[in-house]
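Structural overview for review
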Amino acid sequence: MAESRPKPWPVNHWYVAARADEIVDKPLGRQICGERVAFFRRADGQIAAVEDFCPHRGAPMSLGKVEGDTLVCPYHGLAMDGDGRACAMPKQRVAAFPKTRSFPVVEKYGFVWLWPGDPASADPAAVPTFEWADNPAFAYGGGLYHVKADYRLMIDNLMDLTHETYVHATSIGQKEIDEAPVATRVDDASVVAERLMDNVSSPPFWSMAQRANGHDDSRSVDRWQVCRFSLPSHVMIDVGVAYAGAGGRAAPAASRTSATVVDFITPETETSHWYFWGMARSFRPQDAELTKTILEGQGAIFAEDLDILERQQANLRAWPERRLLKLDIDAGGVHARRLIARAIAAEQGTEGAPAPKRPAAAA
Amino acid sequence: MAESRPKPWPVNHWYVAARADEIVDKPLGRQICGERVAFFRRADGQIAAVEDFCPHRGAPMSLGKVEGDTLVCPYHGLAMDGDGRACAMPKQRVAAFPKTRSFPVVEKYGFVWLWPGDPASADPAAVPTFEWADNPAFAYGGGLYHVKADYRLMIDNLMDLTHETYVHATSIGQKEIDEAPVATRVDDASVVAERLMDNVSSPPFWSMAQRANGHDDSRSVDRWQVCRFSLPSHVMIDVGVAYAGAGGRAAPAASRTSATVVDFITPETETSHWYFWGMARSFRPQDAELTKTILEGQGAIFAEDLDILERQQANLRAWPERRLLKLDIDAGGVHARRLIARAIAAEQGTEGAPAPKRPAAAA
Amino acid sequence: MAESRPKPWPVNHWYVAARADEIVDKPLGRQICGERVAFFRRADGQIAAVEDFCPHRGAPMSLGKVEGDTLVCPYHGLAMDGDGRACAMPKQRVAAFPKTRSFPVVEKYGFVWLWPGDPASADPAAVPTFEWADNPAFAYGGGLYHVKADYRLMIDNLMDLTHETYVHATSIGQKEIDEAPVATRVDDASVVAERLMDNVSSPPFWSMAQRANGHDDSRSVDRWQVCRFSLPSHVMIDVGVAYAGAGGRAAPAASRTSATVVDFITPETETSHWYFWGMARSFRPQDAELTKTILEGQGAIFAEDLDILERQQANLRAWPERRLLKLDIDAGGVHARRLIARAIAAEQGTEGAPAPKRPAAAA
């Protein structure tokens, strides 16, 4: 990209770029953090990521095919390895061909993680760890949505679940969400927004989950939502219900039904993002039918957010000068944006500089 | 909108923004004169209009729902009254929330009229009156088209009906329209272009109407078209046929079949508009089947204009410097544009300023 | 068009604008070299080309209808002759109406040729001649594709047929194309890139053609591809196979199956073009069924290029500063672009000026 204006995301981080099963025997072209990337799986199964631009004539490499450890350009057959080196081209000496930019990439937990920043600082060990990942005690199901909105609008959305009462009224919303105060904590790289709702009745989604878990959904429950934002743009939400008085999050499994909502929010452009959503649950992890039911339910619920976010984005473009409110319920999103802004400034060596007035879709 | 360039429409006027039946129990979002507006009907049935932007996070209020006298934001539940005041939000003190812009709005004649300008000068009594409106001696049927063209191109269209011979050749066009001279009169707020065609045969649409009216459509008729433009952008056209020599417009009902073509032309953006079209007739007003037949016929005829107007708009954008001709037949549109330009200048205090060279789609 | 930046094509040339059968009794609107043109066929069968803009109100003339030797505006009936003169309009004196720009146009070989430049220099005799055209010893079949890519990307494509191995692997591609060297020759107005592949097996398309020609497709063949670019943007490719050792291109008809691939590449805008493709063959020219089979096969093969070219164009826009490689296989396209650039410079009197850095999609 030829622009010099700083992008509204930090680059020296691991971003989820794809589900691992999206890249099997064919390459995948996808824009991540403004970079057009061609992903492919080498003969040894390792995933590689190169700029989606053949140095010969500019054709997209992601339309090509995989041969051994190389990606072969669909146009005139330049073969490139995962480091972006031209390895072969019919009747050509490729040694002097310019090297194509490659990106550090890691496959972990069923996801493909891309590092769009300085390769020298990319440490695979820095891919975050999750209790639920690669853990047979948990079942995971998830999907991918493309959303035409600044990725930070999705972070705002997930760090303030009062919207569930309005956007998801028939599934996970309930009046008590609005009425319970939210407590927000911040540290260097994460923000936690916690809401506890004691002695309420289960909303439809949790009733279903309780019944699937063999629990009595007619009893009052203590419900919780603990949203954790981590740089650059992940939001994990511990959610669940337990019989009222049984200990809430700490209740024994026999009286608790709980899960983690998994949200990887990856910028595509300044006004669009890839939303990898899912749920990891610890109850009945072997029950594939239940995984499917939850996946479909969650997919429908999360789709309810898309129209609002895209229309919100359109409104913010139409009124770029307008200041938004920052209420207590917004604290999670506001603090997450501050961490993001600070990470960008640190990368650009502008920490001491004054904050921008209001970026396109920021508060 | 953040632009400072003057808009090509006057704002201190009542514009038709919707049909009343478009706003029942759900809100309606629509851009009128460049303003994004959320309309809703309060518990008492009164219609309200506020900016379609929630002051909390910028979500479109028009995606929300109506509760009592308030519109509730679809995202986090801010409830706003028709004056744009935040009345309630779960667990929030809303007294200090910024007030959202509201617009004067009036429901009259089955239409919703919006005043996009200075609210202090909005006088509901200034909504124009029409003989046919709320009058059981008339039947009205109409529709709404969205047109991707400057609203003034539609005014031009309606103030020069010679186009009927070409665009509507199979329904209301006839060679005599071209051949009859047009007489144009102007006063402060309206322009009248009158064309009389004596002793002609009825074109297909009027034959149908005469037969429905119990008249003999094989006889020669005197036909008339009297187009009246009124600020800001309404065109009422008295049309009809009477047995030749019976007195034309003044002929007794027994030998006359006549109606008013109703055109409310409301800017959406600088290159698009809402076209509320319809017909009010005084013959057989109780005949609902006839109303339906005429509505369908008129809808099909008026749709014939859309492609030409949108392609004309595209041409004017491609050749912005080109001067158009101003013929006698164009006098109606030319004078209407002058009244519009004068009204804009008066609002901006630039009456003495030189006229602009040629606005995007103006002559 | 109001732009002053020089267009990336020379204008004092004949361009193929349409197939003759596209213009029968109705006008055709098409943008050619940035000019919006309305084509129509006069009563005497001659084709005329005028700017697609009615001088009255700017409506597109191509939506109108043909009456005698005139094109009648669809909006208010202005009748224009093929020279762009307003001839008639109901009740109007048209003598003083401004003349509309008209374009020199010639119908030849089943194509409509347009001269977008200075009419004074348009010589119908300069329309190129082709052995296969209007020649009963040849059969011709062809089609038209609209491609959202700079027209020069299509010239590059056709002047370097190594892409066949990758893009058309299942029809005309074969490994030996890559392995045979290409010889490139240049003169003032044309570039020839020649590739000979001796003693190879016929690829699927040529096997089919050989069998249709009564030849034995199991025998080894000498195959050739001789691509000839001519200003402004035509590429004729002599292609064929002959029994190995029989003389190649010069082999007698009894052992040769050959044809000319016909490519007229006409700019629409700076980033789109009209691609008139076809094939003229000398074997079994009377066999209409074979013509149809070849047409369908070629249409499917050539469609394989479109996605790559459009995605290549998108890539070049995203990375405007990037330099592409110029390999020996690219010499045909590189030299063709030089001829084009020289022709543009000659027209603009800037021959001595330094070459532009890199135009949008150029190398």
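Counting starts from 1 at the beginning of each chain's written sequence and moves along it residue by residue. All chains are assigned letters beginning with A, and all ligands numbers beginning with 1, in the order in which they are written. Residues qualify for local features only when their pLDDT is at least 70, as the model is predicted, and side-chain atom pairs are given and counted only at 80 or more; totals for whole chains, interfaces and linings, by contrast, use all residues. In computing side-chain properties, one takes all heavy atoms of the structure into account and sets aside hydrogens as well as water.

What follows deals with the overall build of chain A. The numbering of helices and of strands both runs from the N terminus, where a helix is a DSSP run of H or I of at least 4 residues and a strand a run of E of at least 2. In terms of helices and strands, chain A carries six helices and 17 strands. In terms of overall dimensions, chain A is globule-like: its C-alpha atoms have a radius of gyration of 22 Å, near the 21 Å expected for 363 residues. Across the 363 residues of chain A, 59% fall into the buried class. Here a residue-residue contact requires only that any non-hydrogen atoms of the pair lie within 4.5 Å. For chain A, contacts bridging at least 24 residues in sequence account for 61% of all contacts bridging at least 6. Every accessible area reported is derived by Shrake-Rupley at a probe size of 1.4 Å, with residue values counting cover from the shown protein chains alone. Taken as a whole, chain A presents about 14,500 Å² of accessible surface, with 51% of it coming from carbon and sulfur. For the radius of gyration, the atoms used are the C-alpha atoms, and the globule rule reads 2.2 Å times the number of residues raised to 0.38. Accessibility here uses a 1.4 Å probe with only protein chains present; expressed as a share of the type maximum, an area under 20% marks a residue as buried, one over 50% as exposed, and anything in between as partly exposed.

Pairing between sheet strands relies on hydrogen bonds along the backbone, with the strands arranged either parallel or antiparallel. Residues and elements named next belong to chain C. Pairing in this open sheet of four strands is antiparallel, and the strands run 5-6-7-8 from one edge to the other. The open sheet has two edge strands, strand 5 (65-67) and strand 8 (86-88), and neither has a second partner. Taking each pair of neighbouring strands and ignoring which way they run, the sheet shows an average axis angle of 40°. Note on pairing: DSSP must find at least two bridges between two strands before they are called paired. Strand direction decides the pairing type here: strand 6 (residues 70-72) and strand 7 (residues 79-81), joined by three bridges, are antiparallel. Each residue of the ladder has a partner; that of Leu71, found in strand 7, is Met80. Each axis is a line fitted through C-alpha atoms, and for a helix only the stretch in contact is used; angles between axes span 0 to 180 degrees, taken between their N-to-C directions.

Residue and element names in this part refer to chain A. At a minimum axis distance of 8 Å, the contact between helix 1 (residues 151-159) and helix 6 (residues 331-348) shows a crossing angle of 140°. In this view, helix 1 runs oblique relative to helix 6, as classed from their interaxial angle. For the element pair helix 1 and helix 6, the recorded crossing hand is right-handed. Only Gly332, Gly333, Ala336, Arg337 and Ile340 of helix 6 make contact with helix 1, whose side of the interface consists of Tyr151, Arg152, Leu153, Ile155, Asp156 and Met159. The residue inventory of the contact of helix 1 with helix 6, partitioned by class, reads six nonpolar, two polar and three charged. Note on terminology: angles under 35 degrees are roughly parallel, angles over 145 are roughly antiparallel, angles of 65 to 115 are roughly perpendicular, and the others are oblique. Crossings are sorted by hand: turned counterclockwise from the far helix by less than a right angle, the near helix makes the crossing left-handed, and turned clockwise it makes it right-handed. Under the grouping applied here, Gly and all other residues not named as nonpolar or charged are polar, the nonpolar ones being Ala, Val, Leu, Ile, Met, Phe, Trp, Tyr, Cys and Pro and the charged ones Asp, Glu, Lys and Arg.

Interface size is commonly expressed as the accessible area that is lost once the parts come together. If you look at the interface, chain B gives 32 residues, while chain C gives 26 residues. By buried area we mean the combined loss of accessible area, with a 1.4 Å probe, across both parts when two parts are placed together. Contact between chain B and chain C buries roughly 2,600 Å² in total, counting both sides, with carbon and sulfur atoms accounting for 59%. On the chain B side of the contact with chain C, Tyr166, Trp319 and Leu325 of chain B bury the most area, a combined 25% of that side's loss. Salt bridges are defined as contacts in which a side-chain nitrogen from Lys or Arg sits within 4 Å of a carboxyl oxygen from Asp or Glu. At the boundary of chain B and chain C, one finds two salt bridges. Think of a polar contact as two N or O atoms within 3.5 Å of one another; within protein, one of them needs to be a possible hydrogen donor and the other a possible acceptor, and neighboring residues in sequence only count if both atoms come from side chains. At the junction of chain B with chain C, the criterion picks out 13 residue pairs in polar contact (both at pLDDT 80 or more). Elements supplying a minimum of two residues to the side of chain B that touches chain C: helix 1 (151-159), helix 2 (164-167), helix 3 (175-179) and helix 5 (288-318) of chain B. Ranked by residues supplied to the side of chain B that touches chain C, first place goes to helix 5 of chain B with nine residues. For the side of chain B that touches chain C, the per-class residue count stands at 15 nonpolar, five polar and twelve charged.

All right, on to the confidence of the model for chain A then. Residue and element names in this part refer to chain A. When pLDDT is averaged along chain A, the result is 93, and 95% of the positions lie at 70 or above. Contacts for the low-pLDDT stretch residues 355-363, under 50 throughout, to residues beyond four places or in other chains number 21 contacts. Interface confidence in the predicted complex, given as ipTM, is 0.90; pTM for the same model is 0.91. Looking at any residue, its pLDDT shows the predictor's confidence there, from 0 to 100.

Each copy of the sequence occupies a distinct position, and chain A is placed on chain C by a rotation of 120° and an axial shift of 0.1 Å, giving an RMSD of 0.0 Å. Expressed as an axis order, the relation between the two copies is that of a three-fold axis. In superposing the copies, a least-squares fit is computed on C-alpha atoms, taking residues whose pLDDT is at least 70 in both.

Ring pairs are drawn from Phe, Tyr and Trp, using the six-membered ring of Trp, whenever the two centres fall within 6.5 Å, and their geometry is named by plane angle: stacked under 30 degrees, edge-to-face over 60, tilted for the rest. Per the counting criterion, the structure on display carries 49 aromatic pairs over all chains. Their ring planes at 65° and their centres at 5.2 Å tell us that Trp14 of chain B and Trp115 of chain B sit as a pair that is edge-to-face. You can see Trp14 of chain B sitting in the segment before strand 1 (15-19) and its partner Trp115 of chain B sitting in the loop between strand 10 (111-114) and strand 11 (139-147), a full 101 residues away along the chain. Here a set of aromatic residues connected by ring pairs shows up, and it is made of Tyr109, Phe111, Trp113, Phe130, Trp132, Tyr140, Phe264 and Phe276 of chain A. The residue whose ring lies beneath Arg322 of chain C is Phe53 of chain A, and the NZ or CZ to ring-centre distance is 5.1 Å. By definition here, charges over rings are those cases where NZ of Lys or CZ of Arg is within 6 Å of the ring centre and within 35 degrees of the ring normal.

For the rest of this paragraph, the subject is the pattern of salt bridges. Per the stated rule, a full pass over the model turns up 65 salt bridges over all chains. As a salt-bridge pair, Asp81 of chain A and Arg85 of chain A come within 3.4 Å of each other at their nearest N and O atoms. By relative accessible area, which is 41% here, Arg85 of chain A ends up partly exposed. Between Lys175 of chain C and Asp178 of chain C there is a salt bridge whose closest N-O contact spans 3.6 Å. Of this pair, Lys175 of chain C and Asp178 of chain C both sit in helix 3 (residues 175-179), three residues apart, which is roughly one turn of the helix.

Residue and element names in this part refer to chain A. Together, Arg323, Lys326, Arg338 and Arg342 give the surface a local cluster of positive charge. For Arg338, the position within the fold is in helix 6. By relative accessible area, Arg338 is classed as partly exposed at 43%. Patches in this entry comprise residues that are over 30% relatively accessible and not in a salt bridge; like charges within 9 Å are linked, as are nonpolar side chains (Val, Leu, Ile, Met, Phe, Trp, Tyr) within 5 Å. Lys and Arg are tallied as positive, Asp and Glu as negative. Neither His nor the chain termini are counted. By convention, charge coordinates are those of NZ in Lys, CZ in Arg, CG in Asp, or CD in Glu.

Next up on the list: the domain arrangement of chain A. Residues and elements named next belong to chain A. Considered domain by domain, chain A is made up of domain 1 (15-126) and domain 2 (139-348). Annotation comment: domain bounds sourced from an automatic or database domain assignment. The centre of domain 1, based on its C-alpha atoms, is set 33 Å off from the matching centre of domain 2. Listed per partner, the contact involves 13 residues of domain 1 and 13 residues of domain 2. Roughly 1,100 Å² of surface becomes buried between domain 1 and domain 2 when both sides are summed, with 69% attributable to carbon and sulfur atoms. Along the contact surface separating domain 1 from domain 2 lie zero salt bridges. Those elements that place two or more of their residues in the side of domain 1 that touches domain 2 are strand 1 (15-19), strand 2 (28-32) and strand 10 (111-114). If one sorts the elements of the side of domain 1 that touches domain 2 by residue count, strand 1 sits on top with five residues. Among the residues making up the side of domain 1 that touches domain 2, the classes are represented as eight nonpolar, two polar and three charged.

Our next topic: the pairing of strand 3 (residues 35-41) of chain B. Residues and elements named next belong to chain B. Counted residue by residue, strand 3 has six buried out of seven residues, so it is predominantly covered. Bridge count between strand 2 (residues 28-32) and strand 3: five bridges; the pairing is antiparallel. Opposite Gly29, over in strand 3, you have Ala38 as the bridge partner. Linking strand 2 back to strand 3 in an antiparallel pair, the connection comprises two residues, with Cys33 at a positive phi of about 50°. Pairing of strand 3 with strand 4 (residues 47-51) involves five bridges; the strand directions are antiparallel. By the bridge assignment, Arg41 is partnered in strand 4 with Ile47. Hairpin connection, strand 3 to strand 4: the antiparallel pair is bridged by five residues, and Gly45 has positive phi, about 90°.

Right, let's talk about the sheet that holds strand 5 (residues 65-67) of chain A for a bit. All names here are of chain A. Within the open sheet, the four strands sit side by side as 5-6-7-8. Their pairing is antiparallel. Edge strands, defined here as strands with exactly one partner in the open sheet, are strand 5 and strand 8 (86-88). For this sheet, the mean inter-axis angle between neighbouring strands, taken without regard to orientation, is 40°. In terms of strand pairing, strand 5 meets strand 6 (residues 70-72) through three bridges, oriented antiparallel. The partner of Val66 across the bridge, within strand 6, is Leu71.

On to helix 6 of chain A, then. Residue and element names in this part refer to chain A. Here a helix's expected span is defined as the number of its residues, less one, multiplied by 1.5 Å. Its 18 residues place the ends of helix 6 26 Å apart at the C-alpha level, agreeing with the 26 Å of an ideal helix rising 1.5 Å per residue. Restricting attention to buried positions, one finds in helix 6 the residues Ala331, Gly332, Gly333, Val334, Ala336, Arg337, Leu339, Ile340, Ala343, Ile344 and Ala345. Where the residues of helix 6 are buried, they touch helix 1, strand 12 (182-186), strand 13 (190-200) and strand 14 (221-230). With its phi angle positive at about 65°, Gly349 sits one or two positions after the end of helix 6.

With 26 residues of chain A at the contact, the number on the chain C side is 32 residues. Across the chain A/chain C interface, buried area totals approximately 2,600 Å², and carbon plus sulfur atoms make up 59% of it. When residues of chain A are sorted by the area they lose upon contact with chain C, Phe53, Arg57 and Tyr75 of chain A head the list and together hold 31% of the total. Our count for the contact surface shared by chain A and chain C stands at two salt bridges. Measuring nitrogen to oxygen at the nearest pair gives 3.3 Å for the salt bridge that ties Arg57 of chain A to Asp156 of chain C. Inspection of the chain A/chain C interface yields 13 residue pairs in polar contact (both at pLDDT 80 or more).

As a further point, take the state of the cysteines. Residue and element names in this part refer to chain C. Note on disulfides: each one is a pair of cysteine sulfur atoms within 2.5 Å. Under the criterion given, the structure shown has zero disulfides over all chains. Cysteine Cys54 shares no disulfide, and the gap to the nearest cysteine sulfur, in Cys73, comes to 3.8 Å. We classify Cys54 as buried; its relative accessible area is 0%.

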